[in-house]
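Here is how the chains run, residue by residue.
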Amino acid sequence: VDEICTLTTDGGALASGTELENAGEATLGGSETIARLNGSGTTAVTSGTLTLTSGESEVDGAISGAGGLTVNDTGQAEDAAVTRVTVENAYTGGTDVTCGTLSVTGSGTLASTDVNVDS
């Protein structure tokens, strides 16, 4: 998504291997499962859950909305799911790490207190 552009989905519209480079604005109206999310653009998860499944995601733009975030590595060791959140986020849904790594660094925050990490 280019800097001055917008992507809007109603959930389930993106392919599971999608590597979303977001410099603009993405609005996810339902659950989406993609490989990666990168960039400084804003991402609104208005409902459902954004699930990241493989590779490194560097989320430098805010995530907002009533939806949640899940890091769920698909099991390919050479391309493990590692998600870095570097800014303040306002999404209120749950945060789940079922497999993989979630790193909240710098000025990064999670607004939701509903955080689950599977062992």
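Here is what the cut-offs are and how they apply
Residues numbered from 1 in each chain as written. Predicted model: local features only at pLDDT ≥ 70, side-chain atom pairs only at ≥ 80, totals over all residues. Heavy atoms only, no water. Pairing = 2+ DSSP bridges. Helix = DSSP H or I, 4+ residues; strand = E, 2+ residues; numbered from the N terminus. Axes fitted to C-alpha atoms, helices over the stretch in contact; angles between N-to-C directions. Salt bridge = Lys/Arg side-chain N within 4 Å of Asp/Glu carboxyl O. Core = buried A, V, L, I, M, F, W, Y, C linked by side-chain atoms within 4.5 Å. Buried < 20%, exposed > 50% of the residue type's maximum accessible area, 1.4 Å probe, protein only. Contact = heavy atoms within 4.5 Å. Lys, Arg positive; Asp, Glu negative; His and termini not counted. Polar contact = N/O pair within 3.5 Å; in protein donor to acceptor, adjacent residues only side chain to side chain.

Hydrogen bonds between backbone groups are what pair the strands of a sheet, and the pairing can be parallel or antiparallel. Within the open sheet, the three strands sit side by side as E8-E11-E13. Their pairing is parallel. Each of the sheet's edge strands pairs with one partner strand only, and the pair in question is strand E8 (56-59) and strand E13 (101-104). For this sheet, the mean angle separating the axes of adjacent strands, direction not counted, is 15°. In this structure, strand E11 (residues 82-85) lies alongside E13, joined through four bridges in parallel fashion. Residue pairing in the sheet places Arg84 in a bridge with Ser103 of E13.

Looking now at the pattern of salt bridges. Scanning the entire structure with this criterion turns up three salt bridges. A salt bridge links Arg84 to Glu56, with the nearest nitrogen and oxygen atoms 2.9 Å apart. In this pair, Arg84 is assigned in strand E11 and Glu56 in strand E8, connecting sequence segments 28 residues apart. In this structure, the salt-bridge partner of Arg84 is Glu58, at a minimum N-O distance of 3.8 Å.

Turning to the nonpolar core, a few remarks are in order. Core analysis: the largest hydrophobic core is formed by twelve residues, namely Leu20, Ala26, Leu28, Ile34, Leu37, Val45, Leu50, Leu52, Val59, Ile63, Leu69 and Tyr91. Counting residues per element, the ones that place at least two in this core are strand E3 (25-28) and strand E7 (49-52). Once residues within four sequence positions are removed from consideration, Val45 is found in contact with Leu28, Leu50, Ile63, Ser64, Gly65, Ala66, Gly67 and Gly68.

Another aspect to go through is the sheet that holds E3. Read from one edge of the open sheet, four strands run E1-E3-E6-E9, paired in parallel fashion. The sheet is open, and its two borders are formed by strand E1 (6-9) and strand E9 (63-64), each paired with just one other strand.

This part takes up the side chain of Glu32. Counting through the fold element by element, Glu32 comes out in strand E4 (residues 32-34). Despite its burial, Glu32 pairs with no opposite charge, the nearest such side chain being Arg36 at 15 Å. At a separation of 3.1 Å, a polar atom in the side chain of Glu32 contacts the main-chain amide nitrogen of Leu14. Not counting chain neighbours up to four residues away, the residues in contact with Glu32 comprise Thr9, Gly11, Gly12, Ala13, Leu14, Thr49, Leu50 and Thr51.

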